[in-house]
Amino acid sequence: MTSPARSHIRPMTRRDLGRVAAIERATFGREAWPLQAFKDLLSAFSQAKPPRGAMWVVEDPTTDEILGYAGVEVSALLGEMDIINIAVAVEHRRRGVGRLFIERIVRLCRQRGIPLLWLRVRASNRGARRFYRLMGFRERGRFQGYYADPDEPAVIMAMDV
């Protein structure tokens, strides 16, 4: 069993995409991003000047196993950062991996002077909403019809950094 203390965050690379896509499918099912979306984002983020986003994985350094991934995008106005995607493999949940990502993202916001961090989460995903509240996010609104199959709103959660 991997502990978050032994795990580390590193930038996502193309060689990670097979495992990332598998975690994505297991987490989000029919609404999972296709592999090409991850490829496109990695390419776009690597070429953008100034940097417009980042994607990371948490890896177990003893096994090289990818435990989860996260991605962020910086607003063109530079006043906010959006967590565009975050997921932890089912077998590694509730072990601190998500916390590592949020702490890394908050540090990045502070380093770049970005005062607002936000995300969208399915309204029925009570576990994720509870986790985000524990991390300091607060509900700021709803985006009706954001998710399909079943149709339900996204809860917009934000944190003042």
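One can find the structure itself at the top, above this paragraph.
Right, let's walk through the structure included here. Everything quoted here is computed from the prediction, not taken from an experiment. (Residues numbered from 1 in each chain as written. Predicted model: local features only at pLDDT ≥ 70, side-chain atom pairs only at ≥ 80, totals over all residues. Heavy atoms only, no water.)

## Overview of the pattern of salt bridges
- Counted under the stated rule, the structure contains twelve salt bridges.
- Linking Glu139 and Arg129 is a salt bridge whose minimum nitrogen-to-oxygen distance equals 3.5 Å. Here Glu139, found in strand S6 (residues 138-147), pairs with Arg129, found in helix H4 (residues 126-134); they are ten residues apart in sequence, far enough to count as distant.
- Between Arg140 and Asp160 there is a salt bridge, with its nearest N and O atoms 3.2 Å apart. Remark: Asp160 occurs in strand S7 (residues 152-160) and Arg140 occurs in strand S6; sequence separation between them is 20 residues.
- For Arg140, a relative accessible area of 45% translates into the label partly exposed.
- In this structure Asp160 comes out as exposed when scored by relative accessible area, which is 59%. (Salt bridge = Lys/Arg side-chain N within 4 Å of Asp/Glu carboxyl O. Helix = DSSP H or I, 4+ residues; strand = E, 2+ residues; numbered from the N terminus. Buried < 20%, exposed > 50% of the residue type's maximum accessible area, 1.4 Å probe, protein only.)

## A look at the nonpolar core
- Counting residues in each nonpolar core, the largest one holds 31 residues, and the members touching the most others are Trp56, Met81, Ile83, Leu117, Tyr132 and Phe137.
- Contributions of two or more residues to this core are made by strand S2 (53-59), strand S3 (66-74), strand S4 (80-88), helix H3 (97-112), strand S5 (116-122), H4 and S7.
- Top element by residues in this core is H3. It accounts for seven residues.
- In terms of nonpolar packing, the next biggest core, distinct from the first, is built from 15 residues, Phe38, Leu41, Val57 and Ala89 among them. (Core = buried A, V, L, I, M, F, W, Y, C linked by side-chain atoms within 4.5 Å.)

## Thoughts on the environment of Arg107
- Relative to the elements of secondary structure, Arg107 occurs in helix H3.
- Taking C-alpha positions, Arg107 is 8.9 Å from Val161, a pair spaced 54 residues apart along the chain.

## Some remarks on the packing of aromatic side chains
- Following the criterion strictly, the structure yields six aromatic pairs and no others.
- Members of the aromatic cluster, each reached through a chain of ring pairs, are Trp33, Phe38 and Tyr69. (Phe/Tyr/Trp six-rings, centres within 6.5 Å; stacked < 30°, edge-to-face > 60°.)

## Focus: the environment of Met159
- If you trace the backbone, Met159 turns up in strand S7.
- For Met159, a relative accessible area of 8% translates into the label buried.
- Between the alpha carbons of Met159 and Phe137 there is a distance of 4.6 Å; along the sequence they are 22 residues apart.
- Not counting the four nearest positions on each side in its chain, Met159 is found in contact with Val106, Pro115, Leu116, Leu117, Met135, Gly136 and Phe137. (Contact = heavy atoms within 4.5 Å.)

## Remarks on the sheet that holds S7
- If you walk across this open sheet you meet the seven strands as S1-S2-S3-S4-S5-S7-S6, and the pairing is mixed. Either end of the sheet is taken by a strand with one partner, and the two such strands are strand S1 (8-11) and S6. Within the sheet, the average angular offset between the axes of one strand and its neighbour, ignoring direction, is 25°.
- Against the sheet, H4 makes contact with S4, S5, S6 and S7, and its axis sits at roughly 165° relative to S5, the strand it touches most. (Pairing = 2+ DSSP bridges. Axes fitted to C-alpha atoms, helices over the stretch in contact; angles between N-to-C directions.)

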